[in-house]
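Understanding the architecture of this molecule
Chain by chain, the residues:
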Amino acid sequence: AKSAGRDTIAFFDPAMQAAVSASAALGADVRAALQAGDQFSVHYQPLFNQQRCVTGVEALLRWRHPARGAVSPAEFIPIAEDTGLILPLGHWVLEQACAQLAAWAERPETAQLSIAVNVSVRQFRHPEFVDQVIAAIRRHRVAPRLLKLELTESLLADRMEITLEKMDTLKQLGVTLSLDDFGTGYSSLAYLKRLPLDQLKIDKGFVADVLTDPSDAAIARAIIELAHSQGLSVIAEGVATEEQHRFLVDHGCDLFQGFLLAKPMSIGALEEFMDQHRDTATAPLHE
Ligand code: C2E
Ligand code: MG
Ligand code: MG
Ligand code: MG
């Protein structure tokens, strides 16, 4: 009776219980939002080269909940993953990105811009994922290299054979592959050279303290060197100050993303931003 009592107490831990039902409620809301169709949108955060020209953007999902207002992806993406709703949601983002690339292809000043799409592990593992990418590229007639898929290290935790096979197929298609949040997950340097990657993305956690924490500075430098030694480009996310930017430029980082340079914004705001930015930026757009 005593142990049953303890189990009961553990199970009905009020804080845990509240968290469980809150995420169940949010899961139901994600489902409803998908059906409603007008609560999700894609925002775009520009990526800059060393000359501070925009070379592309990262697509970031936004959710405006009818009652709660803006809900952070950090909150709803994990729930969408658990419930499987990330599959339709992720597919929708991919379609939006390819449609946007097609629209940009019409104008010379935007025709070389790339769009990076985040791909969750569950989405990548889905048997139809590669076919969905192929279909989206064909339907919108986009140049495959302008579509960048941001994968995470958690993909490398298991099932490496099938992961490699899928990545190779995507690579052969010409799609650009980037490893997001590099250094925070299941780091497998041995696999790194087998993966057909184009880019490593330094996690914003390392960038945040790059000037104050010598160990983060060393990690950032090591990632830049590692990327270049493998023939990969390297991008830093979360660049928030001029000093961080300078440090990263000085150490050879290729691309930059962060609130210092530009925040994620709606497509309308982005196009306005780029129109203004183009007047001051003269270097050619390339990645
Ligand atoms: P991520 O892919 O690492 O995206 C970068 C995050 O850093 C974005 O947060 C962006 O707004 C934020 N960020 C960029 N620059 C700065 C900065 O200077 N300071 C700070 N504090 N933050 C900065 P966001 O949009 O909240 O997205 C969080 C995460 O949610 C993403 O991290 C990604 O893992 C996930 N996510 C977002 N959209 C999607 C999506 O369409 N599909 C999937 N599977 N995941 C997504
Ligand atoms: Mg990302
Ligand atoms: Mg990231
Ligand atoms: Mg991150």
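As annotated in an unreviewed UniProt entry, the protein carries the name EAL domain-containing protein and comes from Ottowia beijingensis.

Section: the overall build of the protein
From N to C terminus, the protein includes 12 helices and nine strands. A compact globule built from 287 residues should have a C-alpha radius of gyration of about 19 Å, and the protein, at 20 Å, falls within 12% of that. Dimensions of the protein, computed from C-alpha atoms along their principal axes, come out at roughly 75 × 45 × 40 Å. Burial status across the protein gives 44% buried among its 287 residues. Accessible surface, the protein: about 14200 Å² in total, of which carbon and sulfur atoms supply 55%. Taking the 26 positively charged and 37 negatively charged side chains of the protein as two groups, their mean positions are separated by 3 Å.

What about the environment of alanine 70?
Mapped onto the secondary structure, alanine 70 falls in strand 3 (residues 69-71). Beyond its immediate stretch of four places on either side in the chain, alanine 70 contacts Trp63 and Arg64.

Digging into the coordination of the magnesium ion (ligand 2)
Looking at the metal site, the magnesium ion (ligand 2) is ligated by Glu58 (OE), Asn118 (OD1), Glu150 (OE) and Asp180 (OD), spaced 2.0 to 2.2 Å from it. The metal-metal distance between the magnesium ion (ligand 2) and the magnesium ion (ligand 3) is 3.8 Å, with aspartate 180 coordinating both. Of this pair, glutamate 58 sits in strand 2 (residues 54-65) while asparagine 118 sits in strand 4 (residues 114-118); the two residues are 60 residues apart in sequence, bridging distant segments of the chain.

Overview of the nonpolar core
Counting residues in each nonpolar core, the largest one holds 79 residues, and the members touching the most others are Leu149 and Leu248. If sequence neighbours within four positions are ignored, leucine 248 has contacts with Ile202, Val207, Ile224, Ala236, Val239, Cys253 and Phe256.

Here we look at the pairing of strand 1 (residues 40-49)
In terms of burial, strand 1 is a largely internal element, eight of the 10 residues being buried. As paired elements, strand 1 and strand 2 share nine bridges and run antiparallel to each other. Pairing of glutamine 45 across the sheet is with glutamate 58, part of strand 2. As consecutive antiparallel partners, strand 1 and strand 2 are separated by four residues, and within that stretch arginine 52 has a phi angle of approximately 60 degrees, a positive value. As defined by bridge partners, strand 1 adjoins strand 9 (residues 255-256) across two bridges and the pair is classed as antiparallel. If you follow phenylalanine 48 over to strand 9, its bridge partner there is phenylalanine 256.

Quick word on the site of ligand 1
Not every one of the 21 residues close to ligand 1 is listed here, only the nearest: Glu58, Arg62, Asn118, Asp180 and Phe259. Between a nitrogen atom of ligand 1 and a main-chain N or O atom of leucine 61, the distance comes to 3.1 Å. Take glutamate 237: an N or O atom from its side chain is 3.1 Å from an oxygen atom of ligand 1. Against a free-state accessible area of 800 Å², the protein chains account for coverage of 81% of ligand 1.

Focus on the layout of surface pockets
Approximately 930 Å³ is the volume found for the largest pocket. In terms of lining, the largest pocket is formed by 36 residues, of which the most central are Glu58, Leu60, Pro73, Asn118 and Asp180. When grouped by side-chain class, the residues that make up the lining of the largest pocket number 16 nonpolar, 11 polar and nine charged.

Points about unusual backbone geometry
The phi dihedral of arginine 52 is positive, around 60 degrees, even though this residue is not glycine. Mapped onto the elements of the fold, arginine 52 is located in the loop between strand 1 and strand 2. A positive phi angle, near 50 degrees, is found at arginine 141, a position not held by glycine. Positionally, arginine 141 belongs in the loop between helix 6 (129-140) and strand 5 (147-152).

Concerning helix 7 (residues 160-173)
The first and last C-alpha atoms of helix 7 sit 20 Å apart over 14 residues, in line with the 20 Å expected at 1.5 Å per residue. Elements in contact with the buried residues of helix 7: helix 5 (121-125), helix 6, strand 5, strand 6 (176-182) and helix 8 (189-192).

Calculation notes
- Residues numbered from 1 in each chain as written.
- Chains lettered and ligands numbered in written order.
- Predicted model: local features only at pLDDT ≥ 70, side-chain atom pairs only at ≥ 80, totals over all residues.
- Heavy atoms only, no water.
- Helix = DSSP H or I, 4+ residues; strand = E, 2+ residues; numbered from the N terminus.
- Rg over C-alpha atoms; globule rule 2.2 N^0.38 Å.
- Buried < 20%, exposed > 50% of the residue type's maximum accessible area, 1.4 Å probe, protein only.
- Areas by Shrake-Rupley, 256 points an atom, 1.4 Å probe, with all protein chains shown as cover.
- Lys, Arg positive; Asp, Glu negative; His and termini not counted.
- Charge placed at Lys NZ, Arg CZ, Asp CG, Glu CD.
- Contact = heavy atoms within 4.5 Å.
- Donors = N, O, S within 2.8 Å, 3.2 Å for Na, K, Ca; no water.
- Core = buried A, V, L, I, M, F, W, Y, C linked by side-chain atoms within 4.5 Å.
- Pairing = 2+ DSSP bridges.
- Near = heavy atom within 4 Å.
- Polar contact = N/O pair within 3.5 Å; in protein donor to acceptor, adjacent residues only side chain to side chain.
- 1 Å grid on protein atoms, 1.4 Å probe; cavity = no way out; pocket = protein on both sides within 12 Å on 5 of 7 lines; lining within 4 Å.
- Points joined across faces, edges and corners; volume = space filled by probe spheres on them.
- Nonpolar A, V, L, I, M, F, W, Y, C, P; charged D, E, K, R; others polar.
- Expected span 1.5 Å × (residues − 1).

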